[in-house]
Amino acid sequence: MMILASLPTFLNIAKEVFGVGADLYRYVTRLREVARQDAEWTPAQEAEFDRVLNDAGLQEHWKAHKD
Amino acid sequence: MKHFAILILLLPLIFTGCAGLKPGADPIIVRAQQTERAAFETFDAFLRIEHKNAARIRTAAPEVSKFAEWLREPLPDGPRGIALVKSLGNVRRAYANAKTPDNRAKLASALDALSAALAETQKHLTAAKAF
């Protein structure tokens, strides 16, 4: 019974740990792509990176907190 | 266990060296582009993790929250972290258009500035991962 009662807590912890894990996995994958770069960007790659930068600024985790 | 998982995630990076450049590629331009991309990815990962754990981090490690807010501070070109990346991009394009010693010196200086912000963020990312 006690195990069942603490299940939501364990699920929340697991969600947070794997959430951070997914962020780190994505980060490492993208850094690997950066390390593999062997030529200057094409205009299309340059435009795509500009788009990524502009879109990122609109995301919640990039917004300054009011307090 | 968590540290082991982080090590597993970092292994591909450890075993992947930097690629050799194709003929015609200017090494300082490629290095600037790599720094822009690596800095953005690092800022983004750090801010994402800090945002998810903001309440805990604000209490236990206020300097990490303070640094995150510094990166988020709105500037005319967007949040400071993005403005820093865009700034290096502008200097890099100026150098690509006119490869003068002056433009090269400006690019090297901008590259150093963004590299310093990147190193600082990596330090805070390591702290933020612990939450």
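Cut-offs used in this document
Residues numbered from 1 in each chain as written. Chains lettered and ligands numbered in written order. Predicted model: local features only at pLDDT ≥ 70, side-chain atom pairs only at ≥ 80, totals over all residues. Heavy atoms only, no water. Helix = DSSP H or I, 4+ residues; strand = E, 2+ residues; numbered from the N terminus. Buried < 20%, exposed > 50% of the residue type's maximum accessible area, 1.4 Å probe, protein only. Contact = heavy atoms within 4.5 Å. Areas by Shrake-Rupley, 256 points an atom, 1.4 Å probe, with all protein chains shown as cover. Salt bridge = Lys/Arg side-chain N within 4 Å of Asp/Glu carboxyl O. Core = buried A, V, L, I, M, F, W, Y, C linked by side-chain atoms within 4.5 Å. pLDDT = per-residue confidence, 0-100. Axes fitted to C-alpha atoms, helices over the stretch in contact; angles between N-to-C directions. Parallel < 35°, antiparallel > 145°, perpendicular 65-115°, else oblique. Left-handed = near helix turned anticlockwise from the far one by under 90°. Buried area = accessible area lost by both parts, 1.4 Å probe. Polar contact = N/O pair within 3.5 Å; in protein donor to acceptor, adjacent residues only side chain to side chain.

Engineer: Which residues make up the overall build of chain B, and what values go with them?
Structural biologist: From N to C terminus, chain B includes 6 helices and 2 strands. Listing each helix as α and each strand as β along chain B from the N terminus yields α-α-α-α-β-β-α-α. Looking at the 131 residues of chain B, the share that counts as buried comes to 44%. Counting only contacts in chain B whose residues sit at least 6 apart along the sequence, the fraction spanning at least 24 positions is 65%. A total of about 6,700 Å² of accessible surface is found on chain B, and carbon and sulfur atoms cover 63% of it.

Engineer: Before we move on, could you go through the overall build of chain A and cite the residues and values that matter?
Structural biologist: Looking only at helices and strands, chain A features 2 helices and 0 strands. Across the 67 residues of chain A, 25% fall into the buried class.

Engineer: Describe in detail the pattern of salt bridges, supporting the description with residues and values.
Structural biologist: Scanning the entire structure with this criterion turns up 17 salt bridges over all chains. A:R26 is the partner of A:D23 in a salt bridge, and the nearest nitrogen-oxygen pair spans 2.7 Å. Residue A:D23 and its partner A:R26 are both found in helix 1 (residues 2-36); the two are separated by 3 residues, about one turn of the helix. Its salt-bridge partner being B:K106, residue B:D102 comes within 3.2 Å of it at the nearest N-O pair. Here B:K106 and B:D102 lie together in helix 6 (residues 101-129), a separation of 4 residues that amounts to about one turn. Assessed through its relative accessible area of 46%, B:K106 is described here as partly exposed. Sharing partners across several salt bridges, the network here consists of A:E46, B:E36, B:R92 and B:R93.

Engineer: If you had to explain the nonpolar core to someone new, which residues and values would you point to?
Structural biologist: Judged by nonpolar contacts, the single largest core of 38 residues is most densely connected at A:W62, B:F40, B:F43, B:F46, B:V85 and B:L88. Taken together, the elements giving at least two residues each to this core come down to helix 1 and helix 2 (43-56) of chain A together with helix 2 (27-52), helix 4 (62-72), helix 5 (80-97) and helix 6 of chain B. Of the residues forming this core, the biggest block, 11 residues, is contributed by helix 2 of chain B. Those residues in contact with A:W62 that sit more than four places away from it in its chain are A:A56, A:G57, B:F40, B:F43, B:D44, B:L47, B:L71, B:R72, B:P79, B:G81 and B:I82.

Engineer: Summarise the confidence of the model for chain B; cite the residues concerned and give the values.
Structural biologist: All names here are of chain B. The pLDDT averaged across chain B works out to 87; a share of 85% of its residues lies at or above 70. When pLDDT is averaged over each helix and strand of chain B, the minimum, 46, is found for helix 1 (residues 2-14) and the maximum, 97, for helix 5. Considering only residues more than four positions removed or in separate chains, one finds that residues 3-17, a stretch of pLDDT under 50, has 13 contacts.

Engineer: If you had to explain the side chain of B:T35 to someone new, which residues and values would you point to?
Structural biologist: Following the sequence through the fold, B:T35 ends up in helix 2. Among residues more than four places away in sequence, those in contact with B:T35 are B:L88, B:L111, B:L114 and B:S115.

Engineer: Please give an account of the packing of helix 2 of chain A against helix 5 of chain B that cites residues and values.
Structural biologist: Helix-helix packing is characterised by the crossing angle of the two axes and by the distance between the axes. Across the interface, helix 2 of chain A lies against helix 5 of chain B with an axial gap of 10 Å and an inter-helix angle of 155 degrees. Taken together, the axis directions place helix 2 of chain A and helix 5 of chain B in an arrangement best described as roughly antiparallel. Here the hand of the crossing between helix 2 of chain A and helix 5 of chain B comes out left-handed. Along the contact surface, helix 2 of chain A presents A:E46, A:F49, A:L53, A:N54 and A:A56, while helix 5 of chain B presents B:I82, B:V85, B:K86, B:R92 and B:R93.

Engineer: Which residues make up the interface of chain B and chain A, and what values do they have?
Structural biologist: Many authors give the size of an interface as the accessible area that is lost as the parts come together. If you look at the interface, chain B gives 51 residues, while chain A gives 37 residues. Taken together, both faces of the contact between chain B and chain A bury some 4,100 Å²; the carbon and sulfur share is 64%. One can count 4 salt bridges joining chain B with chain A. With a closest N to O distance of 2.7 Å, A:E46 and B:R92 form a salt bridge. On inspection of chain B and its partner chain A, the count reaches 14 residue pairs in polar contact (both at pLDDT 80 or more). Mapped onto the side of chain B that touches chain A, the elements with two or more residues apiece are helix 1, helix 2, helix 3 (54-60), helix 4, helix 5 and helix 6 of chain B. Looking at the side of chain B that touches chain A element by element, the count peaks at 19 residues for helix 2 of chain B.

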